[in-house]
Amino acid sequence: MDDETFRAWAHRAADWSVDYLEGVGERPVRAQVAPGEIFRQLPETPPAAGEPMERIFSDLDRVVMPGMTHWQHPRFFAYFPANASPPSLVAEFVTAALAAQCMLWQTSPAATELETRVMDWLRQMIGLPEAFSGVIQDSASGATLAALLTARERALGFTGNATGLAGGPALRVYASQQVHSSVDKAVRIAGIGDANLVRIPVTGPLHGMDPDALDAAIRADREAGRVPAAIVACLGGTGIGACDPIEAVAAVAQRHGVFLHVDAAWAGSAMICPEFRDLMRGAELADSLVFNPHKWLFTHFDCSAHFVRDPKALTDTLGLRPAYLRTLGRDGVVDYNEWSIPLGRRFRALKLWFVIRSYGVETLREMIRAHVAWARELAGIIDADPDFELTSAPVLSLFSFRYAPAGAGTGAGAGTGAGADDLDALNARLLERINDDGRTYLTQTRHGDRFVLRFQVGQTTTTRADVMTAWDAIREIAAGLRAG
Ligand SMILES: *Cc1c(COP(=O)(O)O)cnc(C)c1O
């Protein structure tokens, strides 16, 4: 592709992007295709000769777009958000143009130094003390794995990497049932094993782990000759937004010298609003904390902010300096690959820099506050509706609910028996119809052994009217379901 053709297509892509985002609210939120429908339209063999861009681009609209679920849709209320924004998109374009590998300081000093600076901005924005250093990881999963590997090594006096884990004592990790599956995965990859992930029971309205039960579990393990390595606390669990009492958990961690990692993947972005920071009280005592600006801080995936109290423990765990990666004559510079699982790194700090500068912290706060306010408002409306039941109160902008019309199952509060199964089935059917309808997109979880619908507000362009339109759609579809 020559420069002039490239210029023309870069402009076309920019126009296409703006048009797409302007009109995305008119499309069904979740892709309305059957499995295999896109695959079958793609040629079985690659083209031997190059094809004109015009044809490739028109296939984007014809073949690919019908199979897209629109995460930037203003009525996307499923899962957690993966929100984005125009300044972030522009920065991603520039990042793609630079196509730099930012693994070492030397491979792009600006990328490293900008990362150090914007991570410190983020640290200040969420109110963590200066003792924390930040690094951008590819995902919260990657950050949690890096944290658990560090915890493992710390518990083993940094001998695990050298000698392997065979024949060693059982290493134990403590978490509630509410943590994300990335914790389970990290426990496996770190060689700790499913059997050593100790589930601590939860209590209270925030479904947080019971610190006394945690303390007892650690003591019992010590007495049995096992090695307590890490506690993973969740700040905004994925199911219903569970929050562990971090201050009390941190006190137990300190008492026993156990590494504490806080997974705030989704909720962490809201900590830029001081009024929500009650939820993170005690996080300043953790060893490690992760949150995803690529979820709720208007920054494209991938951008996971990982803060650690002791970067040396992290680099002693993950840092390798083979001869071909040495930066000669530059001791003391930061090489961020030593903080991460992968060697290669995109220039991810740039989009965060664009976002924070373009909006300013105060506007970012207002956007998140609005999401929280609308979620609370809708939760109140649902709570007051006799045909619906609020099954978990809003934690920030996430709540869960279900359809429980009088006469269906055993009514509100049903938790057991055949009636509960009927309500589960009814709500599963309702969810399917809502997502086939296309006006909005919701997903489910199990809570209190019931099938419940989750609702989270976090999309960049969502308005209060979008939230209420989604509610209208839910009510209308539910009423139709009852009628037959
Ligand atoms: C989304 C989520 C994760 C996983 O995030 P990735 O960045 O996709 O790995 C982990 N923990 C929680 C609480 C989450 O909500």
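Quick caveat, the model's predicted, so the values are computed rather than measured.

The subject of this paragraph is the packing of helix α5 (residues 140-155) against helix α11 (residues 311-318). Following both chains from N to C, one finds α5 and α11 inclined at 90°, their axes separated by 9 Å at the closest point. In terms of orientation, α5 lies roughly perpendicular with respect to α11. Residues Ala146, Leu149, Thr150 and Glu153 of α5 form the contact with α11, whose participating residues are Ala313, Leu314, Thr317 and Leu318. Within the contact of α5 with α11, the residues separate by chemical class into five nonpolar, two polar and one charged.

Below, the discussion takes up the packing of helix α4 (residues 109-125) against helix α12 (residues 349-359). Contact geometry for α4 and α12: axes closest at 9 Å, N-to-C directions at 45°. One element, α4, and the other, α12, form an angle in the oblique class. Helix-helix and strand crossings are classified by hand; for α4 and α12 the assignment is left-handed. Only Ala349, Leu350, Leu352, Trp353, Ile356 and Arg357 of α12 make contact with α4, whose side of the interface consists of Ala111, Leu114, Glu115, Val118, Trp121, Leu122 and Met125. Here the contact of α4 with α12 is built from residues that sort into eleven nonpolar, no polar and two charged.

Structurally, the protein comprises domain 1 (3-68) and domain 2 (362-483). The straight-line distance from the C-alpha centre of domain 1 to that of domain 2 is 33 Å. The interface of domain 1 with domain 2 comprises five residues on the first partner and six residues on the second. For the pair domain 1 and domain 2, the two sides together bury roughly 450 Å², of which 53% comes from carbon and sulfur. Scanning the region where domain 1 abuts domain 2 turns up one salt bridge. For arginine 30, the salt bridge goes to aspartate 436, with nearest N and O atoms at 2.8 Å. Run the count over domain 1 and domain 2 and you get three residue pairs in polar contact (both at pLDDT 80 or more).

Criteria and cut-off values
- Residues numbered from 1 in each chain as written.
- Predicted model: local features only at pLDDT ≥ 70, side-chain atom pairs only at ≥ 80, totals over all residues.
- Heavy atoms only, no water.
- Axes fitted to C-alpha atoms, helices over the stretch in contact; angles between N-to-C directions.
- Helix = DSSP H or I, 4+ residues; strand = E, 2+ residues; numbered from the N terminus.
- Parallel < 35°, antiparallel > 145°, perpendicular 65-115°, else oblique.
- Contact = heavy atoms within 4.5 Å.
- Nonpolar A, V, L, I, M, F, W, Y, C, P; charged D, E, K, R; others polar.
- Left-handed = near helix turned anticlockwise from the far one by under 90°.
- Domains from an automatic or database assignment.
- Buried area = accessible area lost by both parts, 1.4 Å probe.
- Salt bridge = Lys/Arg side-chain N within 4 Å of Asp/Glu carboxyl O.
- Polar contact = N/O pair within 3.5 Å; in protein donor to acceptor, adjacent residues only side chain to side chain.

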